[in-house]
Amino acid sequence: MGGLGFKAPQDKEKIKMEIDSNLMGRSFNMPNELMTATLTRESPWIGVGVSGSWYDYHEAMEAAGMDFYAVPQEAYTNMHDYMPVSGSEYPVVVPGIQVNVRPDKNEILGVVSSRYGLIQNEDAFSMAQPFLDNGGVIKAAGYTQQGLYFMVLRLHNNQILGDSYHVDVMITNSFNGAFPCAVIMVPTRIVCQNMYSRLMGHKDNILRYRHCSCVDERMGLMKGALGNVVAYMNEFNDTLQLAASNQLEDYQIWHLIHALFPYPQESKQSATINRIEEQREEFYNRYYLADDNANFKNTGLGFINAYYDYLSHREPGKKMQNSWQDRRLSGMVNGQDIKHKLIKEAIHA
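Keep in mind that what you see is a predicted model, and the values were worked out from it rather than measured.

Caption draft 1: Summary view of the sheet that holds strand E3 (residues 89-102). Taken together, three strands build an open sheet; the order of strands is E2-E3-E4 and the sheet is antiparallel. Of all the strands in the sheet, just strand E2 (71-80) and strand E4 (107-113) have a single pairing partner and so form its edges. Neighbour-to-neighbour, the strand axes of this sheet turn through a mean angle of 50 degrees, independent of strand direction. Here six bridges tie E3 to E4, and the two strands are oriented antiparallel to one another. Bridge pairing in E4 places Val-101 opposite Ile-108.

Take a look at the structure:
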């Protein structure tokens, strides 16, 4: 645990005493599902788009309002003619810029480089067909305010370290350059419904195709993603096994938590300090008191479970439920807010 700023063993007993004193006699505000380990917690895509069971990707696209074709258009700007005679305006093409438009709603979907290769939803989500042909079912589809278009397929269940995991596959697309057209393997822990693949930082869990001019030539390569699922799940299983075998003492967990939620050096405002203390307390709750994490306490996997549980289930701010759900899903797909360095320490320390 080098580099996190503690001196062992002198600080070890002091930190352990602080943790014990923090836990004893404290009143924890925990959701009921954390205590009872019920299956009521939801995947991050729940609340965004629509949920159901579809065996035809066209039906899922229609249900989610994604059955449209985007049209690339040139971008124009108005130039002013300042000659004394006319003083008029005239449109001029903006070089190197493309505007992707949804004609049926007269809506701008994104402003991108003219080198951006537009991939239609029909083409992107046709990659669901191999999974559907092999017994998969589409469980969710929709789009976020940030421009992520997605479809989630469920294949089958796996048992890893005594936990049940859905083998989910997420297909993504966008028209604004913020998200890739990609096929992402998402092994979802059923008891906690966490999008582990983004947290673990596996390079092999995502088969992405960046939007560029050779769309037609490269699209076929992504349709072979089905064969990658088994290999990815084997690697994922090995990573969880390694994390579960890594023993972490309380003082190491203490330092990881404080590294996750450090006090900002530039701010000494009480509101900021209180917010960080609340975040630390919520993480303590999820690590030390959640029944569904009890088997992995004092292991790297226990820390990882609590961390992603916190990321994917923390409460939204008031009056921003839909926006928060959108941003949570969009951020997770892009791996935002995930501190991979600390995750690697929990796995390998």
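Caption draft 2: Inspection of the pairing of E3 at higher detail. Taken together, the nine bridges between E2 and E3 define a ladder with antiparallel strand orientation. Bridging from a neighbouring strand, His-80 pairs with Glu-89 of E3. Counting the residues in the hairpin turn of E3 and E4 gives four residues, including Asn-106, whose phi is positive at 50 degrees.

Caption draft 3: Spatial organisation of the pairing of strand E7 (residues 163-173). With ten of its eleven residues buried, E7 lies for the most part within the structure. Connecting strand E6 (residues 149-160) to the antiparallel partner E7 that follows it, the hairpin turn spans two residues, and Leu-161 within it adopts a positive phi of roughly 55 degrees.

Caption draft 4: Examining the environment of Asp-123 more closely. Looking at the secondary structure, you find Asp-123 in helix H4 (residues 121-125). Looking at Asp-123, the relative accessible area reads 37%, which means it is partly exposed. Spatially, the C-alpha atom of Asp-123 lies 9.6 Å from that of Asn-173, the residues being 50 residues apart in sequence.

Caption draft 5: Local environment of the packing of aromatic side chains. Applying the stated criterion to the full structure yields eleven aromatic pairs. Taking 5.7 Å as the distance between ring centres and 45 degrees as the angle between the ring planes, the aromatic pair formed by Phe-68 and Phe-175 counts as tilted. One end of the pair, Phe-68, is in the loop between helix H3 (57-64) and E2; the other, Phe-175, is in the loop between E7 and strand E8 (181-189), with 107 residues separating them in the sequence. Their ring planes at 25 degrees and their centres at 5.0 Å tell us that Tyr-143 and Tyr-149 sit as a pair that is stacked. Given the relative accessible area of 33%, Tyr-143 is considered partly exposed. Here the guanidinium or amino end of Arg-280 rests over the ring plane of Tyr-263, the centre of that ring lying 4.4 Å away.

Caption draft 6: Structural detail: the side chain of Arg-102. Assignment of secondary structure puts Arg-102 in strand E3. Within polar-contact distance, the side chain of Arg-102 engages the side chain of Asp-104 at 2.9 Å. The residues contacting Arg-102, other than those within four sequence positions of it, are Gly-65, Phe-68, Glu-107 and Leu-109.

Caption draft 7: A look at unusual backbone geometry. One non-glycine residue, Asn-106, lies in the positive phi region at around 50 degrees. With respect to the helices and strands, Asn-106 occurs in the loop between E3 and E4. Taking relative accessible area as the criterion, Asn-106 reaches 69% and is therefore assigned exposed. One non-glycine residue with positive phi stands out, namely Asn-298, at about 60 degrees. Tracing the backbone shows Asn-298 in the loop between helix H10 (270-289) and helix H11 (300-313). Of the residues examined, Asn-298 reaches a relative accessible area of 26% and is grouped as partly exposed.

What counts, and where the lines are drawn
- Residues numbered from 1 in each chain as written.
- Predicted model: local features only at pLDDT ≥ 70, side-chain atom pairs only at ≥ 80, totals over all residues.
- Heavy atoms only, no water.
- Pairing = 2+ DSSP bridges.
- Helix = DSSP H or I, 4+ residues; strand = E, 2+ residues; numbered from the N terminus.
- Axes fitted to C-alpha atoms, helices over the stretch in contact; angles between N-to-C directions.
- Buried < 20%, exposed > 50% of the residue type's maximum accessible area, 1.4 Å probe, protein only.
- Phe/Tyr/Trp six-rings, centres within 6.5 Å; stacked < 30°, edge-to-face > 60°.
- Lys NZ or Arg CZ within 6 Å of the ring centre and 35° of its normal.
- Polar contact = N/O pair within 3.5 Å; in protein donor to acceptor, adjacent residues only side chain to side chain.
- Contact = heavy atoms within 4.5 Å.

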